[in-house]
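# Report on the structure
So the chains spell out like this:
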Amino acid sequence: MKTKTAFNKCNFCKSSLTHEVTDLGMQPLCQDRIKPEDLNKMEPHFPLKVYICENCYLTQVPESASPEQIYRDYGYYSSFSDTWLNHAKRYVNHAMKQFEITSNSLVSEIASNDGYLLQYFVEKGIPVLGVEPSEGVADYAINEKNIRTEKKFFGVNTAKELVEKYGKSDLIIGNNVLAHVPDINDFVEGMKIFLKDEGVITMEFPHLMRLVAENQFDTIYHEHFSYLAFTVVQKIFSKHDLELFDVEELPTHGGSIRIYAHHKNDTKRSIQQSVFDLMETENKAGMNSLEYYDSFNEKVKETKRNILAFLIQAKNEGKHIAGYGAPGKGNTLLNYCGIRSDFLDYTVDRSPHKQDTFLPGSHIPVYHPEMLKSTKPDYVLILPWNLKKEIISHHKYIFDWGGKFVVPIPQLTVIDHAYAEKNHYCVEEIG
């Protein structure tokens, strides 16, 4: 771990940031899509460095690109992942029962994206409200799924406006948004304002413990301002008089947690044992010490060397390599490793919003998945590795011509047909 002069302040406690965890170089915004006519235009790059606060232990990327720059043309549509849709549907069924949601309730989702989750509440006749700053995905939710949506960034001011217009929420949902906010105090205080006296907040986010343990460095990008441990999130919520009363560990995004929060003075629910258990797990792992993060940077470098060694050997053998997916994590990996079309011929994606564009930085072209059938690559590098089972089950025809899949994280793994069958990757998930 490097110690440098502090130029930034902690997003939570405002202490000086001096301890650098890893440096992934200068990178473009990972969700940008480059149109063919813009290939020769200047492409902004920003430093992608991760720091840990010595005072509160919040791991973070200091703001170098503004939220307006990041989300102005956000290209991620949640509805193009079957795994994620099934996850959302299960959550809705669970929440309806656990929190006694009725037609008199208001369910709100912050960062509601294209309505992927709220649509399942609407099907059950529940009043919903989405809050989504990205115009493209918000318009899709409004026009295609009839999801009432406010196109705003969320915080204290927005929360006050929403309370005035809609009243307070019985249930506030935030999936993969807490890490995305540059002012985490303003965001959490906004939720406190927007929550009914006996209301509940549930939030999901990738668990920092899994990121470090499984070398998930590609989940680091500019839109992720924070990398969250449960103990740190508890401190943040407590500062704003919100109490975490339950937590679940989830397999999504390589290992996430779902927290449950309510007002501190709400005595309706007691704190569950899961809260104490996860705090103890993090403490035993050493997450409340700087030493825990010392070896991460070297693991990142080693992974880069292994990926490049594989690609160089495959290309020297005359192999053709394509990618699958155009996710933010894939762009972090490709740009950090210096992988361009000299290694990866192209990539494919189910989302029509990404097809016929080019990846930021690497300028690798993005096509419809049918391109795989016409070019028959020897290897398919799965960039959204957290969805590897879904991707392999949908595209197992790759094995018909002897093709293989490659998963880069946590360590480079080549998956042939026998490996896929043994690990049940060829069976589609039923949600």
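Here, residues in each chain are numbered from 1, in the same order as that chain's written sequence. Only residues with pLDDT of at least 70 are given local features in this predicted model, and only at 80 or more are side-chain atom pairs given and counted; all residues enter the totals for whole chains, interfaces and linings. Only hydrogens and water are set aside when side-chain values are computed; all heavy atoms of the structure are taken into account.

## A word on the overall build of the chain
Selection criterion: Runs of H or I in DSSP of at least four residues are treated as helices and runs of E of at least two as strands, each being numbered from the N terminus. Restricting the calculation to C-alpha atoms gives the radius of gyration, and the globule rule supplies 2.2 Å times the number of residues raised to the power 0.38. For every residue, the accessible area obtained with a 1.4 Å probe (protein chains only) is divided by the maximum for its type, and the residue is called buried under 20%, exposed over 50%, and partly exposed between those limits. Methods summary: accessible areas were calculated by the Shrake-Rupley approach with a probe of 1.4 Å, and residue burial reflects only the protein chains presented. Counted charges follow a simple rule, with Lys and Arg positive, Asp and Glu negative, and His plus the chain ends left uncounted. By convention, charge coordinates are those of NZ in Lys, CZ in Arg, CG in Asp, or CD in Glu.
In terms of helices and strands, the chain carries 14 helices and 18 strands. Radius of gyration (C-alpha) of the chain: 22 Å, near the 22 Å computed for a compact globule of 431 residues. Taking all 431 residues of the chain together, the buried fraction comes to 56%. Per element, the accessible surface of the chain, about 17,900 Å² overall, is 48% carbon and sulfur. For the chain, the distance from the average position of its 47 positive side-chain charges to the average position of its 58 negative side-chain charges is 1 Å.

## Re helix H4 (residues 135-145)
We count it as follows: Working definition: the arc comes from the directions between the helix axis and the C-beta atoms, pointing outward to the latter. Pairs of residues are marked as contacts when any of their non-hydrogen atoms sit within 4.5 Å.
Those residues of H4 not exposed but buried are Val 137, Ala 138, Ala 141 and Lys 145. Burial along H4 is one-sided: seen end-on, the buried residues are contained in an arc of 105 degrees. Turned more than 90 degrees from where H4 packs its buried face, Asn 143 and Glu 144 sit exposed. The inward-facing, buried residues of H4 contact helix H3 (118-123) and strand S7 (149-150).

## Quick look at the sheet that holds strand S6 (residues 128-131)
To keep it simple, the criterion reads: Pairing between strands requires that DSSP locate at least two bridges from one strand to the other.
Ordered by their spatial adjacency, 7 strands build an open sheet running S7-S6-S5-S8-S9-S12-S11, and the pairing between neighbours is mixed. Looking at the sheet topology across the chains shown, the edges are occupied by S7 and strand S11 (242-250). Summarising the sheet, S11 and strand S12 (residues 256-263) pair through 8 bridges and their orientation is antiparallel. Opposite Val 247, over in S12, you have Ile 259 as the bridge partner.

## Concerning the packing of aromatic side chains
In plain terms, the rule: Only Phe, Tyr and Trp rings take part, Trp by its six-membered ring, and two of them pair if their centres are within 6.5 Å. Stacked means planes under 30 degrees apart, edge-to-face means over 60, and tilted covers everything else. Working rule: Lys NZ or Arg CZ, within 6 Å of ring centre, within 35 degrees of ring normal, means a charge sits over the ring.
The final tally for this structure, using the stated rule, is 11 aromatic pairs. On the numbers, 6.1 Å between centres and 50 degrees between planes, the contact of Phe 245 with Tyr 260 is tilted. Of this pair, Phe 245 sits in strand S11 while Tyr 260 sits in strand S12, and the two are 15 residues apart along the sequence. Both residues of the pair, Phe 245 and Tyr 260, belong to the buried class. An angle of 75 degrees between the planes, with centres 5.4 Å apart, marks the rings of Phe 399 and Phe 405 as edge-to-face. Here Phe 399 falls in the buried class, since its relative accessible area comes to 11%. What links up through ring pairs into an aromatic cluster is the set Phe 99, Phe 245 and Tyr 260. The positively charged end of Lys 304 is found above the aromatic ring belonging to Tyr 336, 4.5 Å away from the centroid.

## Notes on the packing of helix H10 (residues 296-316) against helix H11 (residues 328-337)
Spelled out, the test is: Lines are fitted to the C-alpha atoms to define the axes, a helix being fitted only along its stretch in contact, and any angle between axes, read from their N-to-C directions, falls within 0 to 180 degrees. Angle categories are assigned with fixed cut-offs, so that under 35 degrees is roughly parallel, over 145 is roughly antiparallel, 65 to 115 is roughly perpendicular, and the rest are oblique. Residues were grouped as follows: Ala, Val, Leu, Ile, Met, Phe, Trp, Tyr, Cys and Pro as nonpolar; Asp, Glu, Lys and Arg as charged; and all remaining residues, including Gly, as polar.
H11 packs onto H10 with a crossing angle of 80 degrees between their chain directions and a minimal axis gap of 10 Å. The orientation of H10 relative to H11 falls into the category roughly perpendicular. Taken together, the residues of H11 that come into contact with H10 (itself represented by Val 300, Lys 301, Lys 304, Ile 307 and Leu 308) are Leu 333, Tyr 336 and Cys 337. Grouping the constituent residues of the contact of H10 with H11 by class yields 6 nonpolar, no polar and 2 charged.

## A few points about the pairing of S6
This is how it is decided: Looking down the strands as they point away from you, a crossover is right-handed if its path from the first strand over the helix to the second goes clockwise.
On S6, burial covers both faces: Val 128 and Gly 130 on one face and Leu 129 and Val 131 on the other are all buried. Pairing geometry for strand S5 (residues 107-110) and S6, over 4 bridges, is parallel. Its bridge partner lying in S6, Ile 110 is registered against Val 131. Where the polypeptide runs from S5 across H3 and back to S6, its parallel neighbour, the crossover connection is right-handed. Taking the sense of rotation as the criterion, the β-α-β connection linking S6, H4 and S7 turns out right-handed.

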